[in-house]
Structure formats: structure tokens, C-alpha cells
Amino acid sequence: MSFRSWVRAVLARRNGSRFGLSHQSISCLTNPMNLSKPVKASSFGSLLNLHSSFHCNLLLQSYRGFCGIVQNGNLEKSHVELDGSVKKDKKVKFLYEKPIDFTKVDMNLLPTVMIIGRPNVGKSALYNRLIRRREALVYNTPDDHVTRDIREGIAKLGDLRFRVLDSAGLETEATSGSILDRTAGMTANVLAKTQFAIFLIDVRSGLHPLDMEVGKWLRKHAPQIKPIVAMNKCESLHDGTGSLAGAAAETLILGFGDPIAISAETGLGMTELYETLRPSLEDYMVQVLNDNCDQENSSNPDSSSDEVDESKLPLQLAIVGRPNVGKSTLLNALLQEDRVLVGPEAGLTRDSVRVHFQHEGRTVYLVDTAGWLQREREKGPASLSVMQSRKNLMRAHIVALVLDAEEVAKARRSMTHAEVVIARRTVEEGRGLVVIVNKMDLLSGRQNSALYKRVKEAVPQEIQTVIPQVTGIPVVFTSALEGKGRIAVMHQVIDTYEKWCSRLSTARLNRWLRKVMSRHSWKDQAAQPKIKYFTQVKARPPTFVAFLSGKTQLSDTELRFLTKSLKEDFDLGGIPIRIMQRSVPKRGGSSGNRSSQQPGKMVERTFFDKRTIPVAIKLKMKEKR
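All values reported here derive from a predicted model rather than from experimental measurement.

Calculation criteria
- Residues numbered from 1 in each chain as written.
- Predicted model: local features only at pLDDT ≥ 70, side-chain atom pairs only at ≥ 80, totals over all residues.
- Heavy atoms only, no water.
- Helix = DSSP H or I, 4+ residues; strand = E, 2+ residues; numbered from the N terminus.
- Buried < 20%, exposed > 50% of the residue type's maximum accessible area, 1.4 Å probe, protein only.
- Contact = heavy atoms within 4.5 Å.
- Areas by Shrake-Rupley, 256 points an atom, 1.4 Å probe, with all protein chains shown as cover.
- Pairing = 2+ DSSP bridges.
- Axes fitted to C-alpha atoms, helices over the stretch in contact; angles between N-to-C directions.
- Core = buried A, V, L, I, M, F, W, Y, C linked by side-chain atoms within 4.5 Å.

A. Inspection of the overall build of the chain at higher detail. Assigned secondary structure in the chain consists of 18 helices and 20 strands. Here the chain, with 625 residues, has 48% of them falling under the buried criterion. Considering only residue pairs separated by 6 or more positions, the chain has 70% of its internal contacts joining residues 24 or more positions apart. Total accessible area on the chain is roughly 33,400 Å²; 49% of this is exposed by carbon and sulfur atoms.

Written out as C-alpha cells, the structure reads:
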């Protein structure tokens, strides 16, 4: 037995760890997440360092190295003393190398790329191309700005994955306090948290003077970022006449390096964009993964359960309502940052802004929609934003309907026709509904104390009257401008979402059914429907099936009674509940009818020990013989 083998045996016995063979890969230590290639091997180095004692250091960069002691996702070096004792040295972090598999990286660790440029150069079209969906509004309006807020999505460029931000068009000479000035300030705040940028220009119009101003603005507000210059709308110049080369030479004046030619509309040049982005994104990811390997290992335990709790899945929350009720202000209050543009102007939001954040360990996708049902007759970007708001309403799990407290106090009713339509459509689609009464700060003075109490009492009662099919719809009173009620809104939303995802066992439902049917006062006991059993077949929203004996069906009154009992006994108020009916045919009913109609065709059977053979078949077999 060689000395090296003896050292391995001692380390395995002392530390309770198994050692791999000397020719096995050590990627299990250096690459537990399979996000990069294993660390390449180098020379083995000296195994022993003879001083006062024999040291056996486990080197990661060893081709013939063997697995060390792994605890909590880190590798511990160890050495053997002369007396056979083993001492552990400092922990060694995992090492990640290129190439990085971006498809397996946590979304929260992905790099961020913002698309910057002057108005109407195709930023939203490039954003849609990268995320492979038509989410951002695209409309040819040279004199207007379609995009006003910053949209966020996950870009899929080949095997690259990164967070891409679509920004509003920049005009550095905008009037102070105007919409363009506010969008520029919001873009600067978000750009400070961004790692990379794509500077988009319109190659058909050449290098515009406003492009030079945007370049100066980038150097001032983001000196740490070297943007990638992309010449958009180049499909018309790709004719080999040299005009594209001339345009590329002209963009060198910006001082950001060689540009790339792309077409966001047709997808031309996406390969060049991929080759330009990948080296920088890989360098960033290697550094991030090596710095956060401890957190990744602790957040990704080895033991995983096959059953997934639906209530812990990401929550889709849509904020809807009429224009100028404070939807965007509420989104900023929930995020605790100025993410979307707010102001006194009605209809300020055009795009449905979708952002995600973490709330008490839960991922929440928050969508701020444009005010709808008020601008159906308009054309252009306003009509497109109405259609987009309706689509986001259908995709959401929970819908937050925002009302204006000041308008509620002035009017004779809490909800207008537009808001009633939104609430009823939400319930019909099976979504959870939470009503938020915003701008309560306008009614909180001494002179309005009675009005404040009247609004808090009247709104829940009127909502119950307008939507009688769903009882217990939660109502939250907030002031998004002052940040009051933010925690109450999220608690109510999560509580409604957990009810919306709830599942009840069949045994529990049948025990409940026997108690419910016994306490109902039936007019005629003979007319009481015989429910064989009651079960839940689906969640999100909870859907139940009542199996009835025979052809009897539950009446509308009985269905309302069961629905009300379910909400009261299982605390399912505030969400839509669906009950379906299925008939269970009586056993032997159909065969008995056949026997009464055709008694002469019945076949007599003779019973044996192992099988049953009809007598008629037996006689035919004898005749054939």
C-alpha cells in the first residue's frame, strides 16, 4: 500500500467522507449548479510539504485530485498531523468558469440591459424582439412619445438570458416639470442600477443632433457603462451600395466604439448583437456567481419535494381602474421606488408595466394597467392600451380594483358603470378580487370626519349589492401618495390568493356535506336531492362536482345554499366558487329494462368453481364435435 493511498484512507476514516478515484472529475465540487464547465486541471503539485509535520493539502486545481470534505456547499481543506489527527483549514468557495449556461441562472442574478435612445427609433420593437412577445406598444408617432414608463422583461437571445428594460425616448432639452423631463429623470434613476446599455439610433435618418445629446447624457448619468451602439432599421440599407458602411463610420463620432447593424422589425443582425453581448455578460455572471455561491447553495437545498404548493407559486397581481384614480402611485408605493410615471394628467399610463418583487419570500408579478373603458372611441396608442389592459386582466390571478375616495364621497354611489363592468368581468373569469379605495387622505380632516366614516361603511355594502354572487369581497382603504395601507393591501392580496389556490380533501367535503344537508329545511323530504358524494376537481378558482343519483338536478336555490355554506364553513369568502353537477346512473336499471322487454333472450348460466360458462355456448360446442 503506497503512502498516498494510506493518506486517503486516513482522511476518509477520520472525516466520514468518501474520496473519488484520482482520475475522476472534480466538477462535483467546483460546479454543483452545472452553470459552467468544470475547473480545468493543472499539474498536481506537491502532495506533501515536509516541515514539522506531514501536510496533505487538497488542491482544487489538481488533475489527479480527489473529492474533499463538503459542508454547506463549501469545500474545506484538511491536513494530517503526525499523530494521525485531522485538522480543517479555511473554506474554499466554488469556482465558476466560462461558458456560463444562462438558462440555469436564477432570474434575480441575471444582468440588466437597458435600451436607450431618442424618441421613435424602435426601442419598443427591439424590446419585443428580445422577449419574443408583443408586450410593448409600438405605434408610428413621430410627434408623440408612445412609451412613457420603463418596462421589464426576460430577454431570450439564443442561449443568452438577461433582464431587458425598455425606456422612454430621451429629450435632454425638455421643459422642466413636463412629462418628458419626468421620464428622463426616472430613466436616470433606473440606469444607475443597470449594468449594460444598448444605445439605439435610426440609421435611415443618419446621426441626428439629438443622438449626440443622448450620448452626452449617457456619459453624465452613467459613466460606468459603455453602451453598445446599434443602428436600427437597417433593412433598407442592406443593399451593398456602401450607404450602411458610411452610416457606421458616421456613428464613430459618438465615441462608443464600432456599431452593429440590426433590424428590430425583421430580426436582422440579432447574431451580431448576440456575439457582442455575450463576452461582457459572461464576465459579469462569472463574478456574480463566485460572489454569491454561498447564498445560492443555501437557497437550493438538495432535498426537493415532488408536490408543489400552488399557493407558493408566483402571484400575478393586476391593478385596474378608471383613469387618474392612483393606480401608478399605488404601484410605486408597493415597490417603494419611483418605477412608473405619475402626475395629475389623466391617462398618463399607456403601456401595461409589469414588474416583479419579493414580498415575505413570495414572488409577486405586479402589472399596472392603463385606465380603460373610457377611451374606446379613441384611436392610436390610447385604443391599443385599452386592449392591452383587458389582456392583462385575463392573465392575472388577483385583480386589485382601485376607486377614488373623493369621487365616491361626491357621488351617490361607490362604483360607476365602468368599475362595475370590471368587477363583474373579474368574477366571471374566476379571478380573485380586492377593492382598494385610494386617496383617503383627502377625507381625513376634521371637517370630513363624518364623510370619512360614511365612505368606509357604504363602500363594502354597495359592492356586496352590485356583485351578489361573491360574498365577502375585501375592501382596503389606502392613501398611496402618503404610503398608508401598503402592508394591508399586500396582506389582503396574499390572503385572497391563498384562498383562491385552496384544496379540500374529498373525505372532509363529504363529512361537511352530511352536516349541511341535515340542517337545511327542505319543504318536501322526497324532493331532497340525493348527493352521492362531493369532491373538488380543481383549484384556482376552487371548483367542485356534486355527483347526484338518478336524473335529479340541484336547483339554483340549492346551489346558492351550498356555495354560501362552503364560504362560511371553509372561510372561502371573497373568491368565486364553481359547483358542477354529474349524474350517477342507478345500478342494474338499464339491465332490468332489457329483461322486462325481452325475457326470452336471457341466457341461463351454469356456475363452476373457476369460471362461468353459458349453457347455450356449451351445447353449440358439443354439436360441433
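B. Representation of the sheet that holds strand β8 (residues 228–232) in the model. Taken in spatial order, the six strands of this open sheet run β5-β6-β4-β7-β8-β9, and their pairing is mixed. With one partner strand each, in any of the chains shown, β5 (151–157) and β9 (260–261) form the two edges of the open sheet. Where strand β4 (residues 112–116) lies against strand β6 (residues 160–166), four bridges are found, and the strand directions are parallel. Note that in β6 the partner of Thr112 across the bridge is Arg163. Sheet strands in contact with helix α3 (residues 123–131) are β4, β5, β6 and β7 (196–202), and its direction is about 55° off that of β5. Each of β4 and β7 is contacted by helix α5 (residues 209–221), which is oriented at about 170° to β7, the strand it contacts most.

C. Representation of the nonpolar core within the structure. By size, the foremost hydrophobic cluster in this structure holds 48 residues, and its most contacted members are Phe534, Leu562 and Leu566. Residue contributions to this core peak at six residues, all from helix α14 (residues 486–500). Not counting chain neighbours up to four residues away, the residues in contact with Leu562 comprise Trp512, Leu513, Val516, Met517, Ile531, Leu554 and Ile579. Counting residues in each nonpolar core, the second largest holds 35 residues, with Leu110, Ile228, Ile262 and Leu273 among its members.

D. Structural detail: the environment of Arg133. Counting through the fold element by element, Arg133 comes out in the loop between α3 and β5. Given a relative accessible area of 39%, Arg133 falls into the partly exposed group. Counting along the chain gives 22 residues from Arg133 to Ala155, while the straight-line C-alpha distance between them is 10.0 Å.

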